[in-house]
Amino acid sequence: TGGHTTEILRLLSCLSESYSPRHYVLADSDKMSEAKIRSFEQKRAETFSKSQFSLDRIPRSREVRQSWISSVLTTLYSILYSLPLTYKRKPDLILCNGPGTCVPVCLSAFLLGLLRIKRTIIVYVESICRVETLSLSGKILYYFSDYFIVQWPDLKKKYPKSVYLGRIV
Amino acid sequence: FRFKDSLAEDLQGADLVISHAGAGSCLETLEKGKPLIVVINDKLMDNHQLELARQLHRDGYVLYCDCSTLVETLQSMDLPALKPFPPGQPEKFASFLDKVFGLQ
């Protein structure tokens with residue numbers, strides 16, 4: 001969704017073409033991100049002609065303020081839905097920054113890792129909006145990610161296993 | 001207007017911006033180097049939106065008030081005292097990832 005997409009595209013802005021092809025996963029209800037992504041990739045293709053990317057959509061795992069029980073069910077459904085996608089792409093790296101959409105994708109990759117099908121490195125970057133507390137996605141993925149990056153020192157103190165690089169977006 | 005795809009043009013021409021505490025609005029304004037007053041709306045907002053506005057205020061980048069104190073803030077504001085907002089550094093992130101994958 002909006003803010004998350006802008007942040008993640010900024011994170012991608014300095015990456016070399018080793019990080020290619022890029023597969024973007026969006027919530028089915030997200031109308032705005034696709035345009036931003038295409039615009040980013042188009043500009044990128046001007047510099048790196050062999051640049052490749054794809055877009056996939058998955059059902060949104062949770063609405064804002066959705067109840068706990070129904071969130072668990074919708075998230076489980078999203079994980080099952082993500083499994084074939086993650087299996088097909090078998091990414092070396094998953095990069096995410098907090099929308100509910102990323103939780104099922106990461107958990108499905110984590111599962112494929114446990115089953116020894118594909119070991120994916122999961123890198124989570126908490127949004128710059130999170131100064132003192134983690135988002136719900138962050139609280140969950142703190143335990144499942146390989147690298148958990150925060151952008152403010154208070155969070156580094158509270159979550160010692162995290163990585164603090166300062167403001168990166 | 002209610003919604004526009006991009007406020008970039010409007011921001012460019014502004015001398016002062018008064019905004020809600022949405023991160024996108026705050027950051028976009030600060031990055032354009034425009035002085036910003038953030039207005040908090042307790043009733044509408046998610047608690048976590050306050051975190052960023054509060055931190056930006058603590059660090060001296062923005063002025064901060066609620067709907068009832070806006071007029072007072074406008075009357076007493078000292079805009080030159082606001083600090084310029086340094087840009088984020090995505091290159092640090094790229095560097096970090098390159099190390100993780102042994103690409104350096």
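Residues numbered from 1 in each chain as written. Chains lettered and ligands numbered in written order. Predicted model: local features only at pLDDT ≥ 70, side-chain atom pairs only at ≥ 80, totals over all residues. Heavy atoms only, no water.

- An unreviewed UniProt entry lists chain B under the name UDP-N-acetylglucosamine transferase subunit ALG13, with Cinclus mexicanus given as the organism.
- UniProt's Subcellular location (unreviewed entry) comment on chain B is quoted here verbatim: "Endoplasmic reticulum".
- Heading Sequence similarities (unreviewed entry) of the UniProt record for chain B holds this comment: "Belongs to the glycosyltransferase 28 family." (UniProt positions renumbered as here; feature names shortened; annotations may be inferred.)

- An unreviewed UniProt entry lists chain A under the name UDP-N-acetylglucosamine transferase subunit ALG14, with Motacilla alba given as the organism.
- UniProt's Subunit (unreviewed entry) comment on chain A is quoted here verbatim: "Forms with ALG13 the active heterodimeric UDP-N-acetylglucosamine transferase complex."
- We quote the UniProt Subcellular location (unreviewed entry) comment for chain A here in full: "Endoplasmic reticulum membrane".

## Quick notes on the interface of chain A and chain B
Here comes step 1: Across the boundary between the two partners, chain A contributes 28 residues, which contact 27 residues of chain B.
Here comes step 2: Summed over both sides, the interface between chain A and chain B buries roughly 2,400 Å², with carbon and sulfur atoms accounting for 64% of that surface.
Here comes step 3: Looking only at chain A, the three residues that lose the most surface to chain B are A:Tyr19, A:Cys129 and A:Arg167, adding up to 23% of its buried area.
Here comes step 4: Across the chain A-chain B interface, the total number found is three salt bridges. (Contact = heavy atoms within 4.5 Å. Buried area = accessible area lost by both parts, 1.4 Å probe. Salt bridge = Lys/Arg side-chain N within 4 Å of Asp/Glu carboxyl O.)

## Digging into the environment of B:Glu72
Here comes step 1: Tracing the chain through its elements places B:Glu72 in helix α4 (residues 70-76).
Here comes step 2: The spatial distance from the C-alpha of B:Glu72 to the C-alpha of B:Gln55 is 21 Å, given a sequence separation of 17 residues. (Helix = DSSP H or I, 4+ residues; strand = E, 2+ residues; numbered from the N terminus.)

## With respect to the environment of A:Phe148
All names here are of chain A.
Here comes step 1: Tracing the backbone shows Phe148 in strand β5 (residues 147-150).
Here comes step 2: On the basis of relative accessible area, Phe148 is assigned to the buried category, the value being 3%.
Here comes step 3: For the pair Phe148 and Tyr164, spaced 16 residues apart in sequence, the C-alpha separation works out to 8.7 Å.
Here comes step 4: Sequence-distant contacts of Phe148, that is, excluding residues within four places in its chain, are made with Tyr124, Leu134, Gly138, Leu141, Tyr142, Ser162 and Val163. (Buried < 20%, exposed > 50% of the residue type's maximum accessible area, 1.4 Å probe, protein only.)

## Quick look at the sheet that holds strand β1 (residues 17-19) of chain B
All names here are of chain B.
Here comes step 1: Across the sheet, which stays open at both edges, the three strands sit in the order β1-β2-β3 with parallel pairing between neighbours. Each of the sheet's edge strands pairs with one partner strand only, and the pair in question is β1 and β3 (63-66). Strand-to-strand twist across the sheet, computed as the mean angle between neighbouring axes with direction ignored, equals 25°.
Here comes step 2: Strand direction decides the pairing type here: β1 and strand β2 (residues 36-40), joined by three bridges, are parallel. Paired with Val17 across the strands is Leu36, a residue of β2.
Here comes step 3: On the sheet, helix α2 (residues 23-31) packs against β1 and β2 and is oriented at approximately 170° with respect to β2. (Pairing = 2+ DSSP bridges. Axes fitted to C-alpha atoms, helices over the stretch in contact; angles between N-to-C directions.)

## A word on the packing of helix α3 (residues 68-89) of chain A against helix α4 (residues 102-114) of chain A
Residues and elements named next belong to chain A.
Here comes step 1: Viewed as axis vectors pointing N to C, α3 and α4 meet at an angle of 60°, and their least axial separation amounts to 8 Å. Classified by the interaxial angle, the pair formed by α3 and α4 is oblique. Note on packing geometry: the crossing formed by α3 with α4 is right-handed. In contact with Thr75, Ser78, Ile79, Ser82, Leu83, Thr86 and Tyr87 of α3, α4 contributes Val103, Pro104, Val105, Leu107, Ser108, Ala109, Leu111 and Leu112. (Parallel < 35°, antiparallel > 145°, perpendicular 65-115°, else oblique. Left-handed = near helix turned anticlockwise from the far one by under 90°.)

## Considerations on the confidence of the model for chain B
All names here are of chain B.
Here comes step 1: Taken over all residues, the pLDDT of chain B has a mean of 86, while the share at 70 or more is 93%.
Here comes step 2: Within chain B, helix α1 (residues 8-12) has the poorest average pLDDT of any element, 82, and helix α5 (residues 90-100) the best, 97.
Here comes step 3: Quick note on the complex model: pTM equals 0.89, ipTM equals 0.91. (pLDDT = per-residue confidence, 0-100.)

## Regarding the sheet that holds β5(A)
Residues and elements named next belong to chain A.
Here comes step 1: Sheet architecture is open: four strands sit in the order β3-β4-β5-β6, paired in parallel fashion. Strands at the two margins of the open sheet, each flanked by one partner only, are β3 (93-96) and β6 (163-164).
Here comes step 2: Bridging between strand β4 (residues 121-125) and β5 involves three bridges; their strand directions are parallel. Following the sheet pairing, Val125 is matched in β5 by Ile149.

## Details of the pairing of strand β1 (residues 22-27) of chain A
Remark: a regular strand shows side chains that alternate across the two faces of the sheet.
Here comes step 1: In this structure, β1(A) lies alongside strand β2 (residues 53-58) of chain A, joined through six bridges in parallel fashion. In the strand pairing of β2(A), A:Val25 is matched with A:Asp56.

## Quick word on the packing of aromatic side chains
Here comes step 1: Evaluated as defined, the whole model comprises ten aromatic pairs over all chains.
Here comes step 2: With a centroid separation of 4.9 Å and 10° between ring planes, the pair formed by A:Tyr124 and A:Phe148 is classed as stacked. Pair noted here: A:Tyr124 is in strand β4 and A:Phe148 is in strand β5, with a separation of 24 residues, a long-range link. With respect to burial, A:Tyr124 and A:Phe148 carry one shared label: buried.
Here comes step 3: Ring plane angle 85° and centroid distance 5.1 Å describe the contact between B:Tyr61 and B:Phe85, whose orientation is recorded as edge-to-face. Placement of B:Tyr61 in the loop between α3 (47-58) and β3 and of B:Phe85 in the loop between α4 and α5 is noted, with a sequence separation of 24 residues between them.
Here comes step 4: Of the residues examined, B:Phe85 reaches a relative accessible area of 11% and is grouped as buried.
Here comes step 5: Chaining the aromatic ring pairs together yields one cluster made of A:Tyr124, A:Tyr142, A:Tyr143, A:Phe148 and A:Tyr159.
Here comes step 6: The residue whose ring lies beneath A:Lys90 is A:Tyr87, and the NZ or CZ to ring-centre distance is 3.9 Å.
Here comes step 7: The ring of A:Tyr142 carries A:Lys161 above its face, with NZ or CZ at 5.4 Å from the centroid. (Phe/Tyr/Trp six-rings, centres within 6.5 Å; stacked < 30°, edge-to-face > 60°. Lys NZ or Arg CZ within 6 Å of the ring centre and 35° of its normal.)

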